[in-house]
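# A closer look at the structure
What follows is each chain in one-letter form.
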Amino acid sequence: VMRFVEDEVSEILAAREMSGVQRRVRASGAGEGDGDFNVAGSTTSREVTATYRKDECTMEIVVRLPPQYPLQNVEVDCRKRLGVPEGRWRRWMLQIVSMMNSRDGSVADAVLFWKKNVDKEFEGLEPCPICYSILHPKLMTLPAMECPTCHNKFHSDCLHKWFHTSHKSKC
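Before going into details, it helps to say that this report is about the structure given with it. (Residues numbered from 1 in each chain as written. Predicted model: local features only at pLDDT ≥ 70, side-chain atom pairs only at ≥ 80, totals over all residues. Heavy atoms only, no water.)

## Concerning unusual backbone geometry
Backbone geometry follows two general trends: most residues other than glycine have a negative phi, and most peptide bonds adopt the trans configuration. For clarity, the cut-off: In DSSP terms, a helix is any run of H or I states spanning at least four residues, a strand is any run of E spanning at least two, and both are numbered starting from the N terminus.
Along the chain, tyrosine 69 connects to proline 70 via a cis peptide bond; the corresponding omega equals 10°. Along the polypeptide, proline 70 turns up in the loop between β3 (57-64) and β4 (75-81). We note that arginine 46 has phi near 60°; this positive angle belongs to a residue other than glycine. Mapped onto the fold, arginine 46 is located in the loop between β1 (36-42) and β2 (47-54). The backbone phi angle of histidine 151 is positive, close to 65°, even though this residue is not glycine.

In structure tokens, the structure reads:
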């Protein structure tokens, strides 16, 4: 199966992803606004590089499609991450891999999700203390539920899951 996917399927899917990412990013208007956002894809290297420049900060990620894509997980690498803590970067990269592998997302979805998180980071919004993301990975919502004890803001889904699995009803 792996050999068949590598020889017959993966190359076609990778080419479709590469052509779709440019089109989706342009259609979303992601290149407009305060920052300079560029996306470049290469069918030969099977990589998509997204670069975000705002003021004097430059951030860059690379999404790499493996030879057995979609049976093998995509690889996400951050090349530049000025101003964002390493833990938050790792969380974003994990969410991108999860989005593409378990939620049938595309490279364009992943790159746009990353850009939205970076935008919110520049706006000064604090991430949800449970999932460590500003945007909820599934619902694309901001943390809005404020805890009366600690005054942190959480995504409602994250808080519900935390209460359910911890069997606690307070912070």
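And the narrative resumes.
## Re the pattern of salt bridges
Applicable threshold: A side-chain nitrogen of Lys or Arg and a carboxyl oxygen of Asp or Glu constitute a salt bridge if their distance falls within 4 Å. Buried means the residue's accessible area, taken with a 1.4 Å probe over protein chains only, is under 20% of the maximum for its type, while exposed means over 50%, and partly exposed covers the values in between.
Per the counting criterion, the structure on display carries 7 salt bridges. Note that arginine 24 and aspartate 109 form a salt bridge whose closest N and O atoms lie 2.7 Å from each other. With arginine 24 in helix α1 (residues 2-28) and aspartate 109 in helix α3 (residues 107-123), this residue pair connects regions lying 85 residues apart in the sequence. Owing to a relative accessible area of 37%, arginine 24 belongs among the partly exposed residues under this scheme. One salt bridge in this structure joins arginine 90 and glutamate 86, with 3.6 Å as the shortest N-O distance. One end of the pair, arginine 90, and the other, glutamate 86, are both in helix α2 (residues 86-102), 4 residues apart, so they sit about a helical turn from each other.

## Side note on the nonpolar core
Worth spelling out the cut-off: By nonpolar core is meant a set of buried Ala, Val, Leu, Ile, Met, Phe, Trp, Tyr and Cys residues that side-chain atoms within 4.5 Å join together. A contact between two residues is defined here by any heavy atoms of the two lying within 4.5 Å.
With 33 residues, the main nonpolar core has Phe37, Val39, Leu65, Val74, Met100, Val107 and Trp114 as its most contacted residues. Residue assignment for this core shows that the elements contributing at least two residues are α1, β1, β2, β3, α2 and α3. At 8 residues, α3 tops the list of elements feeding residues into this core. Once you skip the residues sitting within four places of it in the chain, methionine 100 turns out to touch Val63, Leu65, Tyr69, Val74, Gly105, Ser106, Val107 and Ala110. Counting residues in hydrophobic clusters, the runner-up holds 6 residues, among them Cys128, Cys147, Cys158 and Leu159.

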